[in-house]
Amino acid sequence: MTNRVINWFRYASPQTFYPLAGKLIPCFWTLAGIFAVVGLGIGFLLAPTDAQQGEGYRIIFLHVPASWMSMFIYLVMAFWAAIGLAFHTRLSGMMASALAPTGALFAFLSLWTGALWGKPMWGTWWVWDARLTSELILLFLYIGFIALQAAIDDPRRADRAGAILALVGVVNVPIIYFSVKWWNTLHQGASVSLGKAPSMAAQMLWGMLFCALACWMYSIAIALMRVRNIMLERERHTEWVRALLAQAE
Amino acid sequence: MLISIRAVIGRDLRLAMRRQADILAAMFFFIIVVSLFPLGVGPEPEQLRKLAPGVLWVAALLATMLSLPRLFADDHRDGTLEQMALAPQPLGLMVLGKLIAHWLVAGLPLVLLAPVLGIQFDLSGDGLAVLTLSLLIGTPALSGIGAIGAALTLGVRGGGVLLSVLVLPLYIPVLIFGAGAVDATLTGLGPQAHLSLLGAMALGGVFFAPWPTAAALRVALE
Amino acid sequence: MHWNSLAEFLAMGNHGFYVWGSVLVMAASMLAEPMLLRRSRSRLLARLLRQYRAEQTEARRQRAANPGRSRD
């Protein structure tokens, strides 16, 4: 039992995590590539035309995974933030800051693909639909997190302040979502709601699943890459980084 | 415990009284922003009535943002905040006291000004009453959520703008239900549902916000 | 296979602009992000290595200046 606890904390230290992450990154890239090829292959080559939306519905294979990821990454970020506040592990703060830019990217991609889907379907680029609006607010939350961390020079303080903000945000996300939904139904905005998935054939579901998996693998690989950079930067005066540099020379 | 809260409130109010210019500036900001809208969109009463709830509420959010950076900054500068953090009473309670003082100084004036400004927008009697009531219920939530942002950005460069970026997205539910309450009254739906949700948010905000705020203050003081 | 010809595939039932616009931006940003990270990593490593070398030569110089004392 104690042995396992020690093991956990062993991997929580940057010194051991750094080489481990380095070994894992290519695996996740490979998986991301395979899943993307399978998912996009099913989605763009095999899946049948949708009866109502024609071929334009194929954006769903990009839009839905991007939206999912943007929400998941925020949750994961808040999870790391909570761990960091509770156990004071250096790694958790670094993971949270490594995830934020990718989460923001997915939120942006979700809005972008949503707009490009909305134009042919509803005739406008933007509707104040509950989902789109919440996604926009999520993007704001990511930007707030990134801006706060960028404004604080001391990395330990940046980590902890960011962690508090992420936790406050994650409590607020459902409140924001339901209030926006309420607001939307009251104002009778869009009659067609985005994400009201067209009655989906099994192939579409599989395609979407694989695309989502590809996005997962992509996010993990990117987060590991970024966390390695953050580790090097922050721990540049420590023994293990110096040993690494001596090796590189 | 109550005594220490009261002491914090009394002290903050006395300090605020010495700097009345700040309070007045935030109030004038509120008045000016609201008065700009008819000039921007035209004076048709029909249109103004439709815009009124949103405009007044958004202006109230912005006016609150103005007073937030000073919530902890002065106490941080003169070392009072450190004393509070070291005091035997929980820091969260002190923060609660500061929140109440902040609301009395920054939130309550907005509530009192709102009906006068509502008249400019040709709101009916019911509309004015609900507008005032919604601000009365909602502004404590603004102080509560805002305090978290103020504590997080304490002593951080570019604090003021950063504070807006952090806090304004979190204000969205309050804005929706606050303006929605007035809207619902004007369209004859009745504001009860909105107001009770707004009340729940204000209670939640005031009771829960002091703890993350206290945590953020401790981080800033390290 | 759902498509009969490449042209049909590219046209996407008259929604080509929207579909390919989404694909293009998503692919571009998901390729750009790792590339930017790689670049920032190599820059970071180069910077750290430069600092490390500077420290090493500084240490060597000091050792040469007063031998025997700061042997480590």
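Calculation notes
Starting afresh in each chain, residues are numbered from 1 along the sequence in its written order. Both sets of labels track the order of writing: A upward for chains, 1 upward for ligands. Only residues with pLDDT of at least 70 get local features here, since the model is predicted, and only at 80 or more are side-chain atom pairs given and counted; chain-wide, interface and lining totals rely on the full set of residues. Helix numbering and strand numbering both begin at the N terminus, where a helix is a DSSP run of H or I of at least 4 residues and a strand a DSSP run of E of at least 2. Only C-alpha atoms enter the radius of gyration, while the globule expectation follows 2.2 Å times N to the 0.38, with N the number of residues. Three exposure classes are used, all based on how many other C-beta atoms lie within 10 Å of a residue's own C-beta (placed from the backbone): buried at 20 or more, exposed at 12 or fewer, and partly exposed between those limits. Residues are treated as contacting if the C-beta atoms built from their backbones sit within 7 Å of each other. Note on residue categories: nonpolar means Ala, Val, Leu, Ile, Met, Phe, Trp, Tyr, Cys or Pro, charged means Asp, Glu, Lys or Arg, and polar means any other residue, Gly included. The directions considered for the arc run from the helix axis to the C-beta atoms. Lines fitted to C-alpha atoms define the axes here, with helix axes fitted over just the stretch in contact, and angles between the N-to-C directions of these axes take values from 0 to 180 degrees. When describing relative orientation, an angle under 35 degrees is termed roughly parallel and one over 145 degrees roughly antiparallel, while 65 to 115 degrees is termed roughly perpendicular and anything else oblique. Take the far helix as the reference: if the near one is turned anticlockwise from it by less than a right angle, the crossing is left-handed, and if turned clockwise, right-handed.

Engineer: Go over the overall build of chain C with me, naming the residues and quoting the values.
Structural biologist: Counting its regular elements, chain C contains 2 helices and 0 strands. Scaling as 2.2 N^0.38, a compact globule of 72 residues should have a C-alpha radius of gyration of about 11 Å, whereas chain C reaches 28 Å, well beyond that. For chain C, the spread of C-alpha atoms along the principal axes amounts to about 80 × 20 × 15 Å. Taking all 72 residues of chain C together, 10% fall into the buried category.

Engineer: Talk me through the overall build of chain B; I want residue IDs and the actual numbers.
Structural biologist: Helix and strand content of chain B: 10 helices and 0 strands. The C-alpha atoms of chain B give a radius of gyration of 18 Å, which matches the 17 Å a tight globule of 222 residues would have. Seen through its principal axes, chain B has C-alpha atoms that stretch 55 × 30 × 30 Å. Sorting the 222 residues of chain B into buried and exposed places 50% on the buried side.

Engineer: Run through the interface of chain B and chain A, naming residues and quoting values.
Structural biologist: Taken residue by residue, the interface counts 20 residues in chain B and 22 residues in chain A. Those elements that provide at least two residues to the side of chain B that touches chain A are helix H7 (125-152), helix H8 (159-186) and helix H10 (210-221) of chain B. Of the residues belonging to the side of chain B that touches chain A, the class tally is 16 nonpolar, 2 polar and 2 charged.

Engineer: For the environment of Phe 44 of chain A, give the residues involved together with the corresponding values.
Structural biologist: Residue and element names in this part refer to chain A. Note on placement: Phe 44 falls in helix H2 (residues 14-46). What makes Phe 44 partly exposed here is the crowd of 19 C-beta atoms within 10 Å. Through-space distance from the C-alpha of Phe 44 to that of Val 173 is 33 Å; in sequence the pair is 129 residues apart.

Engineer: Just give me the short version of helix H8 (residues 239-248) of chain A, but keep the residues and values in it.
Structural biologist: What H8 of chain A keeps buried is the set Val 241, Leu 244 and Leu 245 of chain A. End-on, the buried residues of H8 of chain A take up no more than an arc of 95°, which puts them together on one face. H8 of chain A presents Glu 239, Ala 243, Ala 246 and Gln 247 of chain A as exposed residues on the side facing more than 90 degrees away from its buried surface. Elements in contact with the buried residues of H8 of chain A: helix H7 (202-234) of chain A together with helix H2 (16-65) of chain C.

Engineer: Go over the arrangement of the chains with me, naming the residues and quoting the values.
Structural biologist: Ranking the 2 pairs of chains in contact by contact count places chains A and C at the top. Note that chain B does not reach chain C: the shortest distance linking a C-alpha of one to a C-alpha of the other is 24 Å.

Engineer: I'd like a description of the environment of Met 12 of chain C, backed by residues and values.
Structural biologist: Note on placement: Met 12 of chain C falls in the loop between helix H1 (6-11) and H2. Accessibility expressed as a C-beta count within 10 Å gives 23 for Met 12 of chain C, which makes it buried. In this structure, Met 12 of chain C is in contact with Glu 55, Gly 56 and Arg 58 of chain A together with Val 19 of chain C, ignoring residues within four places of it in sequence.

Engineer: Summarise the packing of H8 of chain B against helix H9 (residues 192-208) of chain B; cite the residues concerned and give the values.
Structural biologist: Residues and elements named next belong to chain B. Where H8 contacts H9, the axes come no closer than 8 Å and their chain directions differ by 155°. Between H8 and H9, the crossing angle belongs to the class labelled roughly antiparallel. Seen along the crossing, H8 lies across H9 with a hand that is left-handed. Across from Pro 173, Val 174, Phe 177, Gly 178, Gly 180, Ala 181 and Ala 184 in H8, the residues of H9 making contact are His 194, Leu 195, Leu 197, Leu 198 and Met 201.

Engineer: Break down the environment of Ile 220 of chain A for me, with residues and values.
Structural biologist: All names here are of chain A. Looking at the element boundaries, Ile 220 is found in helix H7. According to the C-beta neighbour criterion, Ile 220 is buried, with 21 such atoms within 10 Å. Distance from Ile 220 to Leu 99, taken between C-alpha atoms, is 8.7 Å for residues 121 residues apart in sequence.

Engineer: Give a detailed account of unusual backbone geometry, specifying residues and quantitative values.
Structural biologist: Residues other than glycine seldom take positive phi values, yet His 88 of chain A does so here, at roughly 55°. Relative to the assigned elements, His 88 of chain A resides in the loop between helix H3 (60-87) and helix H4 (90-122). Note on His 88 of chain A: 12 C-beta atoms within 10 Å, which makes it exposed. The phi dihedral of Asp 122 of chain B is positive, around 60°, even though this residue is not glycine. With respect to the secondary-structure elements, Asp 122 of chain B resides in the loop between helix H6 (91-120) and H7.

Engineer: Any details on the packing of H7 of chain B against H10 of chain B? Residues and values, ideally.
Structural biologist: Packed helix pairs are specified by the crossing angle of their axes together with the interaxial distance, meaning the distance between the axes. Residues and elements named next belong to chain B. Running from N to C, H7 and H10 point in directions that differ by 10°, and their axes come no closer than 8 Å. Considering their axes alone, H7 and H10 lie roughly parallel with respect to each other. Counting all contacts with H7, which are made through Ala 147, Ile 148, Ala 151 and Leu 152, the residues of H10 involved are Pro 212, Thr 213, Ala 216, Leu 217 and Ala 220. In terms of residue class, the contact of H7 with H10 is built from 8 nonpolar, 1 polar and no charged.

Don't take any of this as a statement about function, it's just geometry.
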